[in-house]
Amino acid sequence: MMQSSHDQQSASVDSHTLKQWLHDGGEIALLDVREHGQYGESHLFYAAPVPYSRLEIDIVRLAPRLGARVVVYDNGGDDDTAARAARALAALGYTNVHRLAGGLAQWQRDGYAAFAGVNVPSKTFGELAEEVFHTPRIGARELAERQRRGDDLIVLDGRPFAEYQKMSIPGGICCPNGELALRAHTLATRPDTTIVINCAGRTRSIIGAQTLINLGVPNPVYALENGTQGWYLEDLQLEHGARRRYADDVPQDDVPALAQRSAQLARRHGVPSANAAQVQAWLGDSARTTFLCDVRSAEEFAQGSLPGAQHAPGGQLIQATDQYIAVRGARIVVFDAEGVRAPVVASWLRQMGWDACTLEEGSDASLRNDVAAALMPPITVLSDTQLADALSLGAQAIDIRPSMRYRARHVAGARWSIRPRLERLTLDPARPVILLAEDAALAAWAANDVRALGVSDVKANTGTPESWTAQGIALESTPADPPDSDCIDYLFFVHDRHDGNKAAARQYLAWETNLVKQIDERERATYRFPGAPAG
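The name given to the protein chain in an unreviewed UniProt entry is Thiosulfate sulfurtransferase GlpE, with the source organism recorded as Achromobacter animicus.

**Q** Would you mind going over the overall build of the protein chain in detail, with residue names and values included?
**A** Check the secondary structure of the protein chain and you find 23 helices and 22 strands. For a compact globule of 535 residues, the expected C-alpha radius of gyration is about 24 Å, and the protein chain comes in at 24 Å, within 12% of that figure. Dimensions of the protein chain, computed from C-alpha atoms along their principal axes, come out at roughly 75 × 50 × 45 Å. A burial count over the protein chain gives 55% of its 535 residues as buried. For the protein chain, long-range pairs separated by at least 24 residues make up 78% of all intrachain contacts whose partners lie at least 6 apart in sequence. Accessible surface for the protein chain amounts to roughly 22200 Å². Of this, 50% is attributable to carbon and sulfur atoms.

**Q** How would you explain the pairing of strand β7 (residues 153-157) if you had to name every residue and give the values?
**A** On any regular strand, side chains alternate: one points to one face of the sheet, the next to the other face. The element β7 is largely enclosed, with a buried count of five among its five residues. Residues L153, V155 and D157 of β7 are buried on one face, and the alternating residues I154 and L156, pointing to the opposite face, are buried as well. As judged from the five bridges shared by β7 and strand β9 (residues 194-198), these two strands associate in the parallel manner. Across the sheet, V155 pairs through a bridge with V196, a residue of β9. When β7 meets strand β8 (residues 173-174), the two strands line up parallel, connected through two bridges. Bridged to D157 within β8 is C174.

**Q** Go over the sheet that holds β8 with me, naming the residues and quoting the values.
**A** If you walk across this open sheet you meet the five strands as β6-β10-β9-β7-β8, and the pairing is parallel. On the outer flanks of this sheet lie β6 (137-138) and β8, each paired with one strand and no other. The pairing of β9 with strand β10 (residues 221-224) spans three bridges and is classified as parallel. If you follow I197 over to β10, its bridge partner there is A223. Docked against the sheet, helix α7 (residues 140-149) engages β6, β7, β9 and β10, running at close to 130° with respect to β7.

**Q** Lay out the UniProt feature "domain: Rhodanese" (unreviewed entry) in the protein chain in plain terms, naming residues and giving numbers.
**A** UniProt marks residues 24-116, 149-240, 294-362 and 394-477 with the feature "domain: Rhodanese" (unreviewed entry), using the numbering shown here. In this annotation, residues 24-116 is assigned 35% helix and 16% strand; the end-to-end C-alpha distance for the span is 25 Å. Summarising residues 394-477: 29% helix, 21% strand, and an end-to-end C-alpha distance of 21 Å.

**Q** I'd like a rundown of the packing of helix α6 (residues 120-133) against helix α22 (residues 502-518), residues and numbers included.
**A** Where α6 meets α22, the axes come as close as 8 Å, and the angle between the chain directions of the two elements is 70°. For the element pair α6 / α22, the angle class is roughly perpendicular. Between α6 and α22, the contacting residues are V120, K123, T124, E127, L128 and E131 on the first element and Y508, W511, E512, T513, L515 and V516 on the second.

**Q** Pulling in residues and values, what's your account of the side chain of D157?
**A** You can see D157 is positioned in strand β7. Separated by 2.7 Å, the side chains of D157 and R159 make a polar contact. In this structure, D157 is in contact with Y164, M167, S168, I173, C174, C175, P176 and N198, ignoring residues within four places of it in sequence.

**Q** Requested: an account of the environment of A129, with residues and values cited.
**A** Following the sequence through the fold, A129 ends up in helix α6. Sequence spacing of A129 and V13 is 116 residues, and the spatial spacing of their C-alpha atoms is 34 Å. With sequence-adjacent residues up to four places away left out, A129 is seen in contact with H134, T135, I207 and F529.

**Q** So what's going on with the packing of aromatic side chains? Which residues, and what values?
**A** The relation between two aromatic rings is expressed through the spacing of the ring centres and the mutual angle of the planes. Summed over all chains, the structure comprises ten aromatic pairs. Aromatic pair Y508 and W511: ring centres 5.1 Å apart, planes at 55°, arrangement tilted. Here Y508 and its partner W511 are both found in helix α22, three residues apart, which amounts to about one turn of the helix. Here Y508 falls in the buried class, since its relative accessible area comes to 3%. Every member of this aromatic cluster is reached through a ring pair, and the members are F125, F133, W348, Y527 and F529. Taking NZ or CZ as reference, K502 lies 5.7 Å from the ring centre of Y232, over its face.

**Q** Any chance you could break down the environment of V33 for me, citing the residues and the numbers?
**A** Among the structural elements, V33 can be located in the loop between β2 (28-32) and α2 (36-41). Distance in space between the C-alpha atoms of V33 and R407 is 24 Å, their sequence separation being 374 residues. In contact with V33, not counting residues within four places along its chain, are V50, P51, Y52, V72, Y73, T81, A82 and A85.

**Q** I'd love a proper account of the sheet that holds strand β11 (residues 273-274), names of residues and values included.
**A** Strand pairing in a sheet is mediated by backbone hydrogen bonds. Such pairs are either parallel or antiparallel. The strand order β11-β16-β15-β12-β13 describes an open sheet built from five strands, whose pairing is parallel. Each edge of the sheet is formed by a strand with only one pairing partner; in this case those strands are β11 and β13 (310-311). Judged from the four bridges that link them, strand β15 (residues 331-335) and strand β16 (residues 355-359) form a sheet pairing that is parallel. Looking at β16, one finds that I332 is bridged to A356. Here helix α16 (residues 341-351) sits on the sheet and contacts β15 and β16; the angle it forms with β16, its principal contact strand, is near 170°.

**Q** So what's going on with empty space enclosed by the protein? Which residues, and what values?
**A** Tallying each qualifying case throughout the model produces two cavities of 30 Å³ or more. The computed volume of the largest cavity comes to approximately 90 Å³. N177, G178, T211, V344 and V345 are, among the 13 residues lining the largest cavity, the residues nearest its centre. Among the secondary structure elements, those contributing two or more residues to the lining of the largest cavity are α9 (180-187), α10 (203-215), α15 (314-319) and α16. The element best represented in the lining of the largest cavity is α16, accounting for four residues.

**Q** Quick rundown of the domain arrangement of the protein chain? Include the residues and the values.
**A** In terms of domain boundaries, the protein chain breaks down into domain 1 (11-118), domain 2 (124-255), domain 3 (260-364) and domain 4 (384-486). Taken over C-alpha atoms, the centre of domain 2 sits 24 Å from the centre of domain 3. Contact residues are listed per partner, giving 21 residues for domain 2 and 22 residues for domain 3. Of the roughly 1800 Å² buried between domain 2 and domain 3 on both sides combined, carbon and sulfur atoms contribute 62%. Contact with domain 3 buries surface across domain 2, with F125, N214 and L215 losing the most and accounting together for 30% of the total. Note that E179 and R341 form a salt bridge whose closest N and O atoms lie 3.0 Å from each other. Our count for the contact surface shared by domain 2 and domain 3 stands at five residue pairs in polar contact (both at pLDDT 80 or more).

Here is what the cut-offs are and how they apply
Residues numbered from 1 in each chain as written. Predicted model: local features only at pLDDT ≥ 70, side-chain atom pairs only at ≥ 80, totals over all residues. Heavy atoms only, no water. Helix = DSSP H or I, 4+ residues; strand = E, 2+ residues; numbered from the N terminus. Rg over C-alpha atoms; globule rule 2.2 N^0.38 Å. Buried < 20%, exposed > 50% of the residue type's maximum accessible area, 1.4 Å probe, protein only. Contact = heavy atoms within 4.5 Å. Areas by Shrake-Rupley, 256 points an atom, 1.4 Å probe, with all protein chains shown as cover. Pairing = 2+ DSSP bridges. Axes fitted to C-alpha atoms, helices over the stretch in contact; angles between N-to-C directions. UniProt positions renumbered as here; feature names shortened; annotations may be inferred. Parallel < 35°, antiparallel > 145°, perpendicular 65-115°, else oblique. Polar contact = N/O pair within 3.5 Å; in protein donor to acceptor, adjacent residues only side chain to side chain. Phe/Tyr/Trp six-rings, centres within 6.5 Å; stacked < 30°, edge-to-face > 60°. Lys NZ or Arg CZ within 6 Å of the ring centre and 35° of its normal. 1 Å grid on protein atoms, 1.4 Å probe; cavity = no way out; pocket = protein on both sides within 12 Å on 5 of 7 lines; lining within 4 Å. Points joined across faces, edges and corners; volume = space filled by probe spheres on them. Domains from an automatic or database assignment. Buried area = accessible area lost by both parts, 1.4 Å probe. Salt bridge = Lys/Arg side-chain N within 4 Å of Asp/Glu carboxyl O.

Structural data, given as structure tokens:
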């Protein structure tokens, strides 16, 4: 295989060496730089999804330390996305970047497994947790019958409010998993009330129910088997657009006992705490990565947080850890305002194999944290009026919004593309290009790639179909364009499971329950359940 100029930007690593690296205890960020749909079809177990389209935007949050060991990969063969990603990371200052030789294809040829779906380590953990703890569960039919009888029970939906609103169990109340330790008692006020925790599938139902059991609540607690999908597969009606949610206020008199209960749970799971001075030292450590995660609600985070902290609501941090943290072996410091939620989140993270601790002073800590950010390339953002004028003068419109949004409605004559495939377009270098994007940062980084194709005049517009229409810009819908095969940003089987597609729902649940059978001994040994031998 010929060495090209981009090979000098990063070293390659073979599959066998990478497998050793993933289990050697050192820090490693394994980045799948393909687009979301490609990642969801098949990827390495520990890979974090960091699509090339968003690489420079997301990488500083997901892997903030420039000296961390990083491995990027793509499909292999003639796919050069990993090489592009390696060059981009080098330009941002990352100094220890490697490419997986031969990509995903070679990894599989060398006998290693690839996994479908998303958030695979977290979902595997949920399945193992149910196996280890024997988390009680209730089926959709039985729950529906108990609701019909008027039994003393309450359904708490462990997902964020936006997900809950899409579809929910009739009568269910939104109380995301990360809030359960603080708020469940305000919703199930009687100790005899049965509590059923649900999510869309399985993981958050299991982890939410087991959270309350681990905390020692007196109520009977069950996970709704297969969540809203299980309900739907039993031909039961889901609610859409429900707005029931927990109350924001918790009686202050309740907090000390709740904090003591969480502290006892943390001690049982060996969760350490660190004070602000210790965390400050960690943040200044150039040899190891420290993530600062605010596990409070979105409303609390919006009121202000610690410098450099990312909002990682507790339930989501467990459910989708790879969307917040891409560096295996890093430290995770979680915090809240009252010492009730963070210890519970840390207890789960430690069982998942992470080096997690709580911050003693919580959101009141005094910390300094200089967070680097990738400097966005300059881009001129046109107003919708300016867009209309530019189009009338012959500008080329390239729509880089998600493929499904393009299909639904787009500027007439605009062509859809995605950043790693921009070079497939036939562009007239003498005519301006306008990138239609959902945010300016996405357009700014894509514009660099368009300029590399010889087009010097590249601008952006961040309008919407509604704002375009208001300016008299003609729109069109193309339900089959781009074709499914080009929609590499979209994972059909995950998204279709609530769109009247029972086959997709069954496929999803079968995939989830089968994850435990797919992992190898070293992957399983990463998890640290109570009483389990060290791996």
